[in-house]
Amino acid sequence: MTLSTEDKDKWVIFGGPDPVNLLHDGSLGEMIIKELKLRPANIGLIDPASGTELSYQQILDTSIKVAKGLQNLGINKSDTVAIVSHNCLDYAFAMFGTIFAGASLAQFNPSYLEGELTHAIQMTRPKVMFASQESSQLLIDCNKKLKSADRIVVFGKGVPEAIPFSDLINQPIDTDTFKPDPVDKQNHVALILLSSGTTGLPKGVQLTHSNIMTTIAHAKEAAKLLDLPDQLVALAVTPLFHVQASVGLINMVTNNCRCVLMAKFDPHLFLNSIQKYKVNLMSVVPPLMVFLAKHPMVDNYDLSSLMTLFCGAAPLSKDIEDQVRERLGIAFVRQGYGMTETTYVMLMQTGFENKSGCVGKVRMGQWAKVVDPDSGEVLGPNQRGELWFKGSLIMKGYIGKESAVDSEGWLHTGDIGYYDEDEDFFIVDRIKELIKYKGFQVPPAELEAVLMKHPKVKDAAVIGIADERVGELATAFVVKEPGKEVSEEEIKAFVAEHVSQQKQLHGGVRFINEVPRTATGKILRKDLVPKVKAKL
């Protein structure tokens with residue numbers, strides 16, 4: 001890597017050119033189909049709960065049937081399709097099939113409550129929505145009010161007012177002749193992933209065909225440098241509505257991986273899947289690393305097949321990393337840094353040994369700089385400032401919102417970090433105040449808005465308190481209305497009625513006399529941290 005004077009900035013880090021020779025296909029769908037056809041007999045997807053194993057040919061055939069089924073329902077390149085479901089094989093078919101049909105795919109958290117789901121539907125306006133049985137009734141009820149989707153397709157057994165998924169794909173078609181239409185790869189949206197912001201409800205991040213095709217090409221380039229087995233086995237346990245899992249799954253099936261797809265985390269099934277299917281690599285979040293480092297049941301399973309763990313979504317402590325390395329004998333524990341807005345990973349460790357706290361170097365085709373958030377000055381090595389990125393992995397923008405990407409293409413991350421003389425990057429703080437719980441983003445402003453609806457709450461603030469197991473715990477500071485009494489449990493129950501599980505007040509409630517604020521009314525969250533430590 002070399003320093004560049006791009007955009008006349010003195011200190012801009014360039015990760016080298018993208019492998020453009022791998023980006024000739026007319027769409028992401030065409031690229032996936034081409035890759036699936038290369039090794040039709042190889043196993044591509046495994047459901048460890050049922051033991052079902054599907055070849056690349058089976059994945060291709062079923063996904064094309066989904067695409068044709070969507071087209072028969074009137075879906076075309078100008079439409080959006082949504083999925084609200086836990087991980088399952090049908091989710092993967094619906095995902096690939098929507099991409100093949102050329103529609104944009106919006107992916108929603110199946111634990112959304114009515115208000116959250118209503119916001120997601122209103123923002124993306126899908127014409128067809130896929131749902132698990134567990135999510136179907138709430139989705140049907142919301143859709144009746146919003147009148148967005150023409151059809152709802154349900155995985156598993158049919159439910160009233162919805163099309164069974166089996167009916168959608170129960171059609172005799174010649175999958176060999178199917179070819180996706182070309183798209184404007186730079187601008188046509190493939191995935192819409194919801195990323196919470198500090199101002200409240202989730203924003204719709206638009207990732208283009210080109211964004212995702214580029215990260216696939218990166219993975220292919222990286223594989224050329226490694227002595228790999230004929231087919232790697234990967235375990236996917238992160239929810240598919242999360243960028244790490246959705247883009248990760250696309251990466252796996254286009255890079256000859258056998259993917260073991262778990263519906264949700266179950267300790268015994270997780271460990272048994274690694275042992276039974278001889279899993280080589282996993283993308284994990286810090287809570288899973290803590291489990292691997294400390295849980296006694298880990299010693300009861302043979303995990304010797306594991307070669308590489310990629311850890312992202314939140315910071316990982318050096319102690320936990322070292323414990324996992326020593327306990328499992330894993331060669332590579334690699335951290336990275338990315339956002340939904342950067343398609344996958346923007347910084348990634350690549351060496352055998354990595355510096356403590358380092359999150360890696362800039363990936364191919366990307367630029368990075370560190371900017372003083374007050375003066376706008378571009379900073380040099382070992383100077384802390386806001387991380388800005390630009391390049392082929394940066395999102396198209398948010399749906400209907402002002403983007404965090406400026407007129408010159410730089411994404412302003414809101415994260416504070418620096419790089420050293422070796423161009424290794426380190427994350428040290430956040431300007432934006434998102435709480436990271438088990439890899440999920442929890443916006444304090446959304447919780448504060450809920451708290452302020454309580455009739456006995458005069459004022460409120462929410463911060464994240466560090467927790468080794470899950471990342472951060474949302475903790476509320478509440479000022480009671482004069483003359484009113486309210487308990488911690490009453491406050492926690494009230495919040496739980498309005499938000500999904502990951503957004504709840506897992507750090508509890510503290511009652512205070514006044515929320516510290518600036519002269520302009522902004523909450524001084526750092527002033528609240530000592531109150532937690534003092535157990536006030």
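Quick note: structure is the one above.
Reference entry: report on the structure contained in this document.

Rules used throughout
- Residues numbered from 1 in each chain as written.
- Predicted model: local features only at pLDDT ≥ 70, side-chain atom pairs only at ≥ 80, totals over all residues.
- Heavy atoms only, no water.
- Salt bridge = Lys/Arg side-chain N within 4 Å of Asp/Glu carboxyl O.
- Helix = DSSP H or I, 4+ residues; strand = E, 2+ residues; numbered from the N terminus.
- Buried < 20%, exposed > 50% of the residue type's maximum accessible area, 1.4 Å probe, protein only.
- 1 Å grid on protein atoms, 1.4 Å probe; cavity = no way out; pocket = protein on both sides within 12 Å on 5 of 7 lines; lining within 4 Å.
- Points joined across faces, edges and corners; volume = space filled by probe spheres on them.
- Nonpolar A, V, L, I, M, F, W, Y, C, P; charged D, E, K, R; others polar.
- Pairing = 2+ DSSP bridges.
- Right-handed = clockwise from strand over helix to strand, strands pointing away.

1. As for the pattern of salt bridges
Phase 1: Under the criterion given, the structure shown has 16 salt bridges.
Phase 2: Note that Glu35 and Lys220 form a salt bridge whose closest N and O atoms lie 3.1 Å from each other. Separated by 185 residues along the polypeptide, Glu35 in helix H1 (residues 28-38) and Lys220 in helix H7 (residues 209-224) bring together distant segments of the chain.
Phase 3: Since its relative accessible area comes to 16%, Lys220 is described here as buried.
Phase 4: Connected via shared salt-bridge partners are Glu116, Glu446 and Lys503.

2. Some points on the layout of surface pockets
Phase 1: The computed volume of the second largest pocket comes to approximately 860 Å³.
Phase 2: Around the second largest pocket, the lining comprises 30 residues; the ones closest to its centre are Pro239, Lys264, Phe265, Lys438 and Phe440.
Phase 3: Where the lining of the second largest pocket is concerned, the elements lending two or more residues are helix H5 (133-146) and helix H10 (286-294).
Phase 4: When the residues that make up the lining of the second largest pocket are grouped by side-chain class, the tally is 14 nonpolar, 12 polar and four charged.

3. Notes on the pairing of strand S12 (residues 232-236)
Phase 1: Judged by how many residues are buried, S12 sits mostly within the fold: five of five residues are covered.
Phase 2: On S12, burial covers both faces: Leu232, Ala234 and Ala236 on one face and Val233 and Leu235 on the other are all buried.
Phase 3: In this sheet, strand S13 (residues 257-261) lies alongside S12 in parallel orientation, the contact comprising five bridges. Note that in S13 the partner of Leu235 across the bridge is Val260.
Phase 4: Handedness of the β-α-β unit built from S12, helix H8 (residues 243-253) and S13 comes out right-handed.
Phase 5: Bridge count between S12 and strand S14 (residues 281-284): two bridges; the pairing is parallel.

4. Regarding the pairing of strand S8 (residues 151-154)
Phase 1: Bridging between strand S7 (residues 128-131) and S8 involves four bridges; their strand directions are parallel. Counterpart to Met129 in the pairing with S8 is Ile152.
Phase 2: Tracing the backbone out of S7, into H5 and back to the parallel element S8 gives a crossover that is right-handed.
Phase 3: Bridge analysis of S8 against strand S9 (residues 163-164) gives two bridges, and the strand direction is parallel. Within S9, the residue paired with Val154 across the bridge is Pro164.

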